[in-house]
Amino acid sequence: MASPIAPWKTGGDAYHQMVGTLYDYWACWTTCAIADLSIADHLAGESLTAAEVAARAGSAPETTLRLMRAGVAIGLLTEQADGRFGSTPLLDTLRTDDPRSLRPLVLSQMGSWLPWDQLAIGIREGSTRSTKAFGGKTIFDYLAQHPDEAERFSAGMSGMTAVWGPAIADAIDTTGVQCAVDVGGAKGSLLQLLQHKNPALSGIVFDRPNVVEHAEAEIARNGFADRTRTVGGSFFESVPTGDLLLLKFILHDWSDEECVKILQKCRDAIAHGGRIAIVDDHVDNGDSTCRTDGYGHAHGVHGQGAHDRGVRRVVRRCRLETHRRAQDRHPADRDRTPSRRGRLARLSARSAGRP
Ligand SMILES: C[S@@+](CC[C@H](N)C(=O)[O-])C[C@H]1O[C@@H](n2cnc3c(N)ncnc32)[C@H](O)[C@@H]1O
């Protein structure tokens with residue numbers, strides 16, 4: 001029988017809702033365990049009892065039954081009168097045979113719980129949680145030493161691109177572009193969307209060396225190897241030259257000063273007449289500043305800064321001109337109040353002349 005998703009979210013007073021907020025935390029971990037046990041794959045196209053799922057997942061039947069009932073409560077599963085469980089469209093997003101699978105994203109995000117534990121400490125100290133959690137290093141340094149987690153992180157990023165990428169790709173005009181550089185591109189999923197739309201577009205996926213290793217296989221698998229190359233490096237050192245530089249979900253990870261450094265390297269890399277497309281999330285706080293901390297406040301987890309800053313402000317500091325800005329409502333944010341509304345900000349910048 002189907003149940004409403006997270007029924008504790010509706011009804012009740014503020015006290016009920018606060019308890020419900022904690023249930024959301026449980027719901028995330030329930031989802032993570034269900035993803036871990038690949039229950040979406042086991043239930044693909046068939047209904048099974050918890051014991052049958054447990055046999056396939058290699059888990060204990062009794063605890064698997066409890067987990068699956070919790071999955072029913074949060075709308076991932078249905079339970080039938082005969083004791084069999086079925087999947088829902090929500091669970092199907094975790095199937096490994098779905099090219100848009102969100103399983104890697106769930107596993108990588110929930111796997112990065114350590115920095116959340118440091119949130120209050122970081123806020124008190126004015127430091128960031130990730131650097132404390134990762135012994136003074138960034139999450140990207142940590143991932144470089146943990147290849148399996150790094151691969152999952154990049155795959156998770158591709159999952160996010162699969163959700164929002166088509167709308168982003170629609171907004172980025174690649175007509176006449178010779179070479180697009182996906183800066184910090186992970187597996188290069190945004191570049192591939194653009195290449196899919198523009199068969200003449202060549203590009204470079206630029207990321208840390210340990211990340212581009214994994215990008216190559218994905219690029220080949222998706223049939224873009226003949227017009228894509230990968231370059232490993234650091235955007236604090238230099239960025240490959242191109243006439244369209246893509247910065248998607250990059251700046252929220254860094255402080256203002258670091259953003260300025262990244263953008264300066266990008267400015268140095270823009271071919272004549274080229275531009276930079278910045279895609280990030282922000283909160284519309286009613287003023288004209290394009291803030292990134294809507295997404296960034298979540299990314300205080302991993303980020304070095306993510307405090308109040310304006311993308312346009314740092315862009316201007318790099319002697320880049322904003323010549324177009326577009327905003328899209330985040331599909332998941334339709335019901336939020338305007339002041340809390342997350343949006344994808346697309347900002348296109350051209351060099352305003354070198355200093
Ligand atoms: C939040 S992910 C965004 C990935 C991709 N742009 C997307 O939207 O799916 C940030 C990316 O920046 C990369 N990155 C971090 N530090 C970097 C550096 N110093 N140089 C190049 N890339 C870096 C990470 O490896 C990661 O792939």
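Keep in mind the model is a prediction, meaning the values are calculated, not measured. (Residues numbered from 1 in each chain as written. Predicted model: local features only at pLDDT ≥ 70, side-chain atom pairs only at ≥ 80, totals over all residues.)

Notes on the sheet that holds strand β2 (residues 77-79)
And then number 1: Reading across the sheet, the three strands line up as β1-β3-β2 and stay open at both edges, with antiparallel pairing between neighbours. Every other strand in the sheet has two partners, leaving β1 (48-49) and β2 as the edge strands with one partner each.
And then number 2: By the bridge criterion, two bridges tie β1 to strand β3 (residues 84-87) in an arrangement that is antiparallel. By the bridge assignment for β3, L48 is matched with F85.
And then number 3: Sheet contacts for helix α4 (residues 61-73): β2 and β3; angle to β2, the most-contacted strand, approximately 105°. (Pairing = 2+ DSSP bridges. Helix = DSSP H or I, 4+ residues; strand = E, 2+ residues; numbered from the N terminus. Contact = placed C-beta atoms within 7 Å. Axes fitted to C-alpha atoms, helices over the stretch in contact; angles between N-to-C directions.)

Here we look at the packing of helix α1 (residues 14-36) against α4
For any two helices packed against each other, one specifies the crossing angle of their axes together with the interaxial distance.
And then number 1: Packing of α1 against α4 leaves a shortest axis separation of 10 Å and a crossing angle of 125°. With respect to α4, the axis of α1 lies oblique. Between α1 and α4 lies a crossing of left-handed hand. Of the residues in α4, those in contact with T30, A33 and I34 of α1 are L67, A70 and G71.
And then number 2: A class-by-class count of the residues in the contact of α1 with α4 yields four nonpolar, two polar and no charged. (Parallel < 35°, antiparallel > 145°, perpendicular 65-115°, else oblique. Left-handed = near helix turned anticlockwise from the far one by under 90°. Nonpolar A, V, L, I, M, F, W, Y, C, P; charged D, E, K, R; others polar.)

Details of helix α10 (residues 147-171)
And then number 1: Between its first and last C-alpha, α10 extends 33 Å over 25 residues, near the 36 Å set by a 1.5 Å rise per residue.
And then number 2: At W164, α10 shows its strongest bend, of approximately 60°, with the proline P166 following within four residues. (Expected span 1.5 Å × (residues − 1). Bend = angle between axes of the 7 residues up to and from the residue.)

Remarks on the site of the ligand
And then number 1: Among the 17 residues in the neighbourhood of the ligand, the closest are listed as M157, G184, A186, S234 and F249.
And then number 2: At three residues, α10 tops the list of elements feeding residues into the shell around the ligand.
And then number 3: Of the residues belonging to the shell around the ligand, the class tally is nine nonpolar, five polar and three charged. (Near = placed C-beta within 6 Å.)

Examining the pairing of β3
And then number 1: Of the two faces of β3, the one holding F85 and S87 is buried and the one holding R84 and G86 is not buried anywhere.
And then number 2: By the bridge criterion, three bridges tie β2 to β3 in an arrangement that is antiparallel. Bridging from a neighbouring strand, E79 pairs with F85 of β3.
And then number 3: The antiparallel hairpin formed by β2 and β3 contains four residues in its connecting segment, where G83 sits at a positive phi of about 85°. (Buried ≥ 20, exposed ≤ 12 C-beta atoms within 10 Å, placed from the backbone.)

So, the pairing of strand β6 (residues 228-232)
And then number 1: Relative to β6, strand β5 (residues 202-207) runs parallel, the two sharing five bridges. Across the sheet, I204 pairs through a bridge with R229, a residue of β6.
And then number 2: The parallel pair β5 and β6, bridged by helix α12 (residues 209-221), forms a crossover whose chirality is right-handed. (Right-handed = clockwise from strand over helix to strand, strands pointing away.)

As for the packing of helix α6 (residues 103-111) against α10
And then number 1: One way to put it is that α6 packs onto α10 with a least axis distance of 7 Å and a crossing angle of 125°. Taken as axis vectors, α6 and α10 run oblique relative to one another. Both α6 and α10 take part in a crossing whose hand is left-handed. Listed contacts from α10 to P104, L105, L107, S108, Q109 and G111 of α6 are E149, R152, F153, A155, G156, G159 and M160.
And then number 2: Classifying every residue of the contact of α6 with α10 by side-chain character gives six nonpolar, five polar and two charged.

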